Protein chains: 2
Amino acid sequence: MEFSSKLLENAVNEMSQLPGIGKRTALRLVLHMLRQPATQTNALSQALMQMRTGIKFCKSCHNISDVDVCEICANPNRDESVICVVEDIRDVMAIENTSSFKGLYHVLGGKISPIDGIGPHDLNIVSLVEKVKLGGVKEIIFALSSTMEGDTTNFYIFKQIQDFDVATSTIARGISVGDELEYTDEITLGRSILNRVPFESSLKL
Amino acid sequence: MEFSSKLLENAVNEMSQLPGIGKRTALRLVLHMLRQPATQTNALSQALMQMRTGIKFCKSCHNISDVDVCEICANPNRDESVICVVEDIRDVMAIENTSSFKGLYHVLGGKISPIDGIGPHDLNIVSLVEKVKLGGVKEIIFALSSTMEGDTTNFYIFKQIQDFDVATSTIARGISVGDELEYTDEITLGRSILNRVPFESSLKL
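Owing to the predicted nature of the structure, the values given are computational and were not obtained by experimental measurement.

Asker: Tell me what's going on with the pairing of strand E3 (residues 79-86) of chain B, and back it up with residues and numbers.
Answerer: Residue and element names in this part refer to chain B. By the criterion of burial, E3 is predominantly enclosed, with six of the eight residues buried. Pairing geometry for E3 and strand E4 (residues 103-107), over five bridges, is parallel. Paired with Ile-83 across the strands is Leu-104, a residue of E4.

In structure tokens:
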């Protein structure tokens with residue numbers, strides 16, 4: 001792409017560094033900004049910079065937060081003895097949306113993925129093991145994505161904490177609510193039969 | 001969406017103002033920035049602000065430029081007597097890429113579109129008519145998208161300049177190179193038959 005303006009080219013190049021945004025999309029976005037009042041671009045730039053420099057991570061669960069200890073960890077009504085292990089803040093938001101979990105979270109910040117060069121030491125695993133060691137935790141719930149990397153991470157953490165007096169569980173894998181049985185892949189279907197639940201308990205939610 | 005951080009929420013809200021970017025995509029982009037070094041977010045913010053405040057429009061053709069008169073208009077090797085009318089800078093870039101046009105451009109900055117509240121006076125039409133009035137322009141080529149709005153804009157400009165001594169033409173509408181005839185819509189196919197060209201001239205490009 002040949003640009004008639006260095007400023008425009010710079011802006012497009014920087015925008016196209018973002019994942020899923022190519023040069024064409026970046027140009028479309030930047031031209032949109034030019035049609036809007038300058039205050040809007042200003043607000044975007046400020047918000048991004050303030051976020052990048054000002055954001056903190058909760059000292060206890062490593063979730064993104066504006067304060068040292070996040071709202072969830074600081075809430076006395078939540079059950080400290082149950083910890084749900086998730087990958088990132090999006091998973092926390094998704095689970096919070098269901099209103100079905102009243103314990104605390106532990107945000108790993110990723111999954112073990114040798115292909116991407118992410119090992120156990122790049123994740124917040126040590127602090128989780130410390131929490132378990134200190135006692136007071138009754139159950140660890142693994143809520144990672146059901147992928148090779150997710151399963152590997154689950155297993156790695158399980159190995160680290162299995163000698164302590166703590167129960168471990170993983171969120172159920174099965175067919176989604178509203179799914180047609182015939183289109184479900186065989187592994188999911190197989191697991192959903194192996195891990196079948198008493199009919200009465202399925203009526204609860 | 002409930003965010004655990006006001007800074008994060010702000011950044012996501014500002015990002016999701018951009019066209020085609022919803023809250024989920026915005027969150028994904030912002031979380032990506034948090035994983036990258038702060039310098040990168042800084043560079044993006046700076047580039048956007050500098051572009052928004054520093055960018056100029058060529059006094060002659062209204063294309064985006066860093067100087068008062070853009071490179072194309074200032075180039076003595078280009079044919080000043082032929083002006084190609086386009087909607088925005090992306091069209092200029094697309095036509096420049098073909099290397100088949102050696103005249104000048106005139107960027108309207110949009111198309112007449114009553115539904116979106118864009119009338120002739122919101123576009124750079126007066127200055128185009130002035131150029132024609134001054135003389136020296138032999139041909140105006142309309143190169144707008146082949147839509148209702150594009151055709152309306154073409155016709156509006158044509159009415160304004162038809163009394164002057166200037167030829168007007170429009171880029172050919174026809175089937176794309178590589179297209180299958182059977183999948184072409186009937187209007188395009190009909191036009192491509194009406195506006196058929198001598199076979200020898202089709203061998204040129």
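Asker: Report on the UniProt feature "zinc finger region: C4-type" (unreviewed entry) in chain A, specifying residues and quantitative values.
Answerer: UniProt records the feature "zinc finger region: C4-type" (unreviewed entry) at residues 58-73 of chain A, using the numbering of this structure. Taken end to end, residues 58-73 of chain A is 19% helix and 12% strand, and its first and last C-alpha atoms sit 8 Å apart.

Asker: Account for the nonpolar core, naming residues and giving values.
Answerer: Leu-8 and Met-15 of chain A together with Leu-8 and Met-15 of chain B are the most contacted members of the largest nonpolar core, which has 42 residues in total. Listed by contribution, the elements that provide at least two residues to this core are helix H1 (6-15), helix H2 (23-35), helix H3 (38-54) and helix H5 (89-98) of chain A together with helix H1 (6-15), helix H2 (23-35), helix H3 (38-54) and helix H5 (89-98) of chain B. Those residues in contact with Leu-8 of chain B, other than ones at most four positions away along the chain, are Met-51, Ile-55, Ile-64 and Ile-89 of chain A together with Phe-3, Leu-27, Val-30, Leu-31 and Leu-34 of chain B.

Asker: Could you give me a rundown of the relation of the copies chain B and chain A, with the residues and numbers involved?
Answerer: The two copies are related by a screw operation: chain B maps onto chain A through 180° of rotation and 0.0 Å of translation along the axis, at an RMSD of 0.1 Å. Interpreted geometrically, this transformation is the action of a two-fold axis. Relative to the rotation axis, the closest C-alpha in chain B is found at Ser-45 of chain B, a distance of 2.2 Å. Interface overlap between copies: 100% of the residues of chain B at the interface are likewise at the interface in chain A, consistent with a symmetric, same-surface contact.

Asker: Describe the pairing of strand E6 (residues 167-170) of chain A, listing the residues and the values that go with them.
Answerer: Residues and elements named next belong to chain A. Pairing between strand E5 (residues 139-142) and E6: four bridges, direction parallel. The residue bridging Glu-139 from the neighbouring strand is Ala-167, located in E6. For the segment spanning E5, helix H7 (residues 148-161) and E6, crossover handedness is right-handed.

Asker: Could you give an account of helix H6 (residues 126-134) of chain B, with specific residues and numbers?
Answerer: Residues and elements named next belong to chain B. Restricting attention to buried positions, one finds in H6 the residues Leu-128, Val-129, Lys-131 and Val-132. Within H6, the buried residues cover an arc of 155° as seen down the axis, which keeps them to one side. Among the exposed residues of H6, those oriented more than 90 degrees off its buried face are Val-126 and Leu-134. Turning to H6, the residues buried within the fold contact E3, E4, strand E5 (139-142) and helix H7 (148-161). The first or second residue beyond H6 is Gly-135, which carries a positive phi of 85°.

Asker: Break down the sheet that holds strand E6 (residues 167-170) of chain B for me, citing the residues and quoting the values.
Answerer: Residues and elements named next belong to chain B. One open sheet accounts for four strands, arranged E4-E3-E5-E6; its pairing is parallel. The sheet is open, and its two borders are formed by E4 and E6, each paired with just one other strand. Between one strand axis and the next, the sheet turns by 25° as a mean value, whatever way the strands run. Relative to the sheet, H5 contacts E3 and E4, its axis offset from that of E4 by approximately 160°. Along the sheet, H6 contacts E3, E4 and E5; its crossing angle with E4, the most-contacted strand, is approximately 145°.

Asker: How would you sum up the pattern of salt bridges? Please name residues and give values.
Answerer: Counted by the stated rule, this structure contains 14 salt bridges over all chains. In this structure, Asp-151 of chain A and Arg-173 of chain A form a salt bridge, with 3.9 Å as the shortest nitrogen-oxygen distance. With Asp-151 of chain A in helix H7 and Arg-173 of chain A in the loop between E6 and helix H8 (186-194), this pair connects stretches of sequence that are 22 residues apart. When its relative accessible area of 16% is taken as the criterion, Arg-173 of chain A is described as buried. Close ionic contact of Lys-133 of chain B with Glu-130 of chain B constitutes a salt bridge, the shortest N to O distance being 4.0 Å. In this pair, Lys-133 of chain B and Glu-130 of chain B are both assigned in helix H6, three residues apart and thus about one turn of the helix distant.

Reading the values: rules and limits
Numbering of residues begins from 1 in every chain and follows the order in which that chain's sequence is written. Chains and ligands are labelled sequentially in the order written, the chains with letters from A and the ligands with numbers from 1. In keeping with the model being predicted, local features are shown solely for residues with a pLDDT of at least 70 and side-chain atom pairs are shown and tallied solely at 80 or more, while totals for entire chains, interfaces and linings include all residues. Each side-chain value is derived from all of the structure's non-hydrogen atoms; neither hydrogens nor water enter the calculation. Working definition: with a 1.4 Å probe on protein chains only, accessible area under 20% of the residue-type maximum means buried, over 50% means exposed, and in between means partly exposed. Secondary structure elements follow DSSP: runs of H or I of four or more residues count as helices, runs of E of two or more count as strands, with numbering from the N terminus. Two strands qualify as a pair provided that DSSP identifies no fewer than 2 bridges between them. UniProt positions are given in the numbering used here, feature names are shortened, and annotations may be inferred rather than shown by experiment. Within this scheme, the nonpolar core is defined by two criteria: the residues are buried Ala, Val, Leu, Ile, Met, Phe, Trp, Tyr or Cys, and they are joined through side-chain atoms within 4.5 Å. The contact criterion used throughout is that any non-hydrogen atoms of two residues lie within 4.5 Å. The copies were overlaid with a least-squares fit restricted to C-alpha atoms from residues scoring a pLDDT of at least 70 in each copy. For the handedness criterion, the strands are oriented away from the viewer, and a crossover whose path from the first strand over the helix to the second runs clockwise is classed as right-handed. Directions are taken from the helix axis to each C-beta atom, and the arc is the one they span. Structural elements are reduced to axes, namely lines fitted to C-alpha atoms, with helices fitted over the stretch in contact, and the angle between N-to-C directions of any two is expressed from 0 to 180 degrees. Here a salt bridge means any side-chain nitrogen of Lys or Arg lying within 4 Å of a carboxyl oxygen belonging to Asp or Glu.

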